[in-house]
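The primary structure of each chain is shown beneath.
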Amino acid sequence: MTAARAEPAGARTAPVSVLEVMLRSADYLAEKGIESARLDAEHLLAKALGIGRLEMYLQHERPLEADELARFRPLLKRRGLREPLQYILGRQGFRELDLEVGPGVLIPRPETEILVGAVLSWAKGREGLKALDVGTGSGAIALSLLTEGPFAAAVGTDASEAALDFAKRNRDALGMQSRLELRHGTLFEPVRAGECFDAVVSNPPYVAEVDRGQLQPEVRGWEPEEALFAGGDGLAVLRCIVTGGAALLRSGGLLALEVGDGQAERVVALIGETGSYRGATVHKDLRGENRIVTALRP
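Residues numbered from 1 in each chain as written. Predicted model: local features only at pLDDT ≥ 70, side-chain atom pairs only at ≥ 80, totals over all residues. Heavy atoms only, no water.

Side note on the pairing of strand E3 (residues 129-134)
Among the six residues of E3, five are classified as buried, and the element is accordingly described as predominantly covered. With six bridges joining them, E3 and strand E4 (residues 151-158) adopt parallel strand pairing. Counted as the bridge partner of Val134 is Thr157 from E4. Taken together, E3, helix H8 (residues 140-148) and E4 form a β-α-β motif whose crossover is right-handed. (Buried < 20%, exposed > 50% of the residue type's maximum accessible area, 1.4 Å probe, protein only. Helix = DSSP H or I, 4+ residues; strand = E, 2+ residues; numbered from the N terminus. Pairing = 2+ DSSP bridges. Right-handed = clockwise from strand over helix to strand, strands pointing away.)

Description of the sheet that holds strand E6 (residues 197-202)
Overall, mixed pairing links the seven strands, which are arranged E5-E4-E3-E6-E7-E9-E8 in an open sheet. The two strands at the open ends of the sheet, each matched to only one other strand, are strand E5 (180-184) and strand E8 (278-284). Pairwise comparison of adjacent strand axes, ignoring direction, gives a mean angle of 15 degrees for this sheet. Lying on the sheet, helix H7 (residues 110-123) is in contact with E3, E4, E6, strand E7 (249-258), E8 and strand E9 (290-296); it crosses E7 at an angle near 160 degrees. The sheet strands contacting H8 are E3, E4, E5 and E6, and the helix crosses E4 at an angle near 180 degrees. (Axes fitted to C-alpha atoms, helices over the stretch in contact; angles between N-to-C directions. Contact = heavy atoms within 4.5 Å.)

Remarks on H8
The element H8 is extensively covered by neighbouring structure, given that seven of its nine residues are classed as buried. For H8, the set of buried residues is Ala140, Ile141, Ala142, Leu143, Ser144, Leu145 and Leu146.

Looking at the pattern of salt bridges
Enumeration according to the criterion identifies 24 salt bridges in this entry. Measuring nitrogen to oxygen at the nearest pair gives 3.3 Å for the salt bridge that ties Asp98 to Arg91. The shortest N-O distance in the salt bridge between Arg250 and Asp198 comes to 2.9 Å. Of this pair, Arg250 sits in strand E7 while Asp198 is found in strand E6, placing the two residues 52 residues apart along the sequence. Take Arg250: its relative accessible area is 36%, and that puts it in the partly exposed class. A residue is classified by how much of its surface remains accessible, and Asp198, at 14% relative accessible area, is buried. It is possible to trace a salt-bridge network through shared partners that takes in Lys130, Glu181, Arg183, Arg192 and Glu195. (Salt bridge = Lys/Arg side-chain N within 4 Å of Asp/Glu carboxyl O.)

Overview of the confidence of the model for the protein chain
This prediction gives the protein chain a mean pLDDT of 94; 95% of its residues lie at or above 70. Counting contacts from residues 1-12, a segment whose pLDDT is below 50, to residues more than four positions away or on other chains yields 26 contacts. (pLDDT = per-residue confidence, 0-100.)

Thoughts on the side chain of Thr294
Summarising the element assignment, Thr294 is placed in strand E9. Exposure remark for Thr294: the relative accessible area of 8% places this residue in the buried category. Among the polar contacts made by the side chain of Thr294, one reaches the side chain of His283 at a distance of 2.9 Å. Setting aside anything within four residues of it in sequence, one finds Thr294 in contact with Ala118, Leu254, Leu255, Ala256, Gly279, Ala280, Thr281 and His283. (Polar contact = N/O pair within 3.5 Å; in protein donor to acceptor, adjacent residues only side chain to side chain.)

Some words on the nonpolar core
In terms of nonpolar packing, the biggest core is built from 33 residues, with Leu132, Leu255 and Val267 touching the most fellow members. Those elements that provide at least two residues to this core are E3, E6, helix H11 (236-245), E7, helix H12 (264-274) and E9. What Leu132 contacts, discounting residues up to four positions off in sequence, is Val155, Thr157, Phe188, Val191, Phe197, Ala199, Val200, Val201 and Leu248. Ranked by size, the runner-up nonpolar core spans 31 residues in total, among them Trp122, Ala142, Leu180 and Ala199. (Core = buried A, V, L, I, M, F, W, Y, C linked by side-chain atoms within 4.5 Å.)

Details of the environment of Lys284
Tracing the backbone through its elements, the reader meets Lys284 in strand E8. We classify Lys284 as exposed; its relative accessible area is 51%. What Lys284 contacts, discounting residues up to four positions off in sequence, is Ile114, Glu289, Asn290 and Arg291. At 2.9 Å, the side chain of Lys284 forms a polar contact with the side chain of Asn290.

Looking at the packing of aromatic side chains
Each pair of aromatic rings is reported with the distance of its centres and the angle of its planes. Tallying each qualifying case throughout the model produces zero aromatic pairs. Over the aromatic face of Phe166 sits the side chain of Arg169, whose NZ or CZ is 4.6 Å from the ring centroid. (Phe/Tyr/Trp six-rings, centres within 6.5 Å; stacked < 30°, edge-to-face > 60°. Lys NZ or Arg CZ within 6 Å of the ring centre and 35° of its normal.)

So, in structure tokens, the structure goes:
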């Protein structure tokens, strides 16, 4: 690929249109192995132009200015290096929220939306609930529960200060400083003595080290390893949460966990071995995979 092709309009002196830049950029990203090349090119160009992606369709024939091309080129280069689109845009939609994300925090995914949905279904008809979000990351789970459900308060813990910075910004942008308390520390370490919750929820690290090579370059090369990997079988963190979670739940409280491919049955078995829960249930994600495990504290 030529340098001119890599940077769609960098070597051109004649004006180039929005559509031409978009199409050439999509070809470039496709050659880099990016499946959503056209869509990504549109998002990046819209960001460089400071307009919405759909609005850009009304400007297809408009020539791009030099400063617009200068803003666009580095964005396209970053995506060509397989940096996640969400990091470049700085945003990720999650259920009803628009969250700030970037290097150092796990990008919220649709599977985790199913986790939140399972908790909200359980919480329906209740009032004044308090949740513990273990490994809160961007704050997606806790903030969604506070936004959509009968949760009056939540605590989010995370071992990563970088992740907590994003969670704080997302919390503050939603005006939820008084309802979401963020604490730095590993798993349950930040929980105070005697503190109890109606729900303990987590999307923990669950990728086995042996599966590292199967992850997309955007994931294994950019997202924080501590939010992805959990020992040889991927269950190290899940074991800790299952074992320690019951003591933090009020009677009738809910444990809700996102798990990896093929892990649901083993997590259900772990829950049973503790003797501290009942009604372990497996929920499927949008692809029909067993992705969420819930259980109740008797």
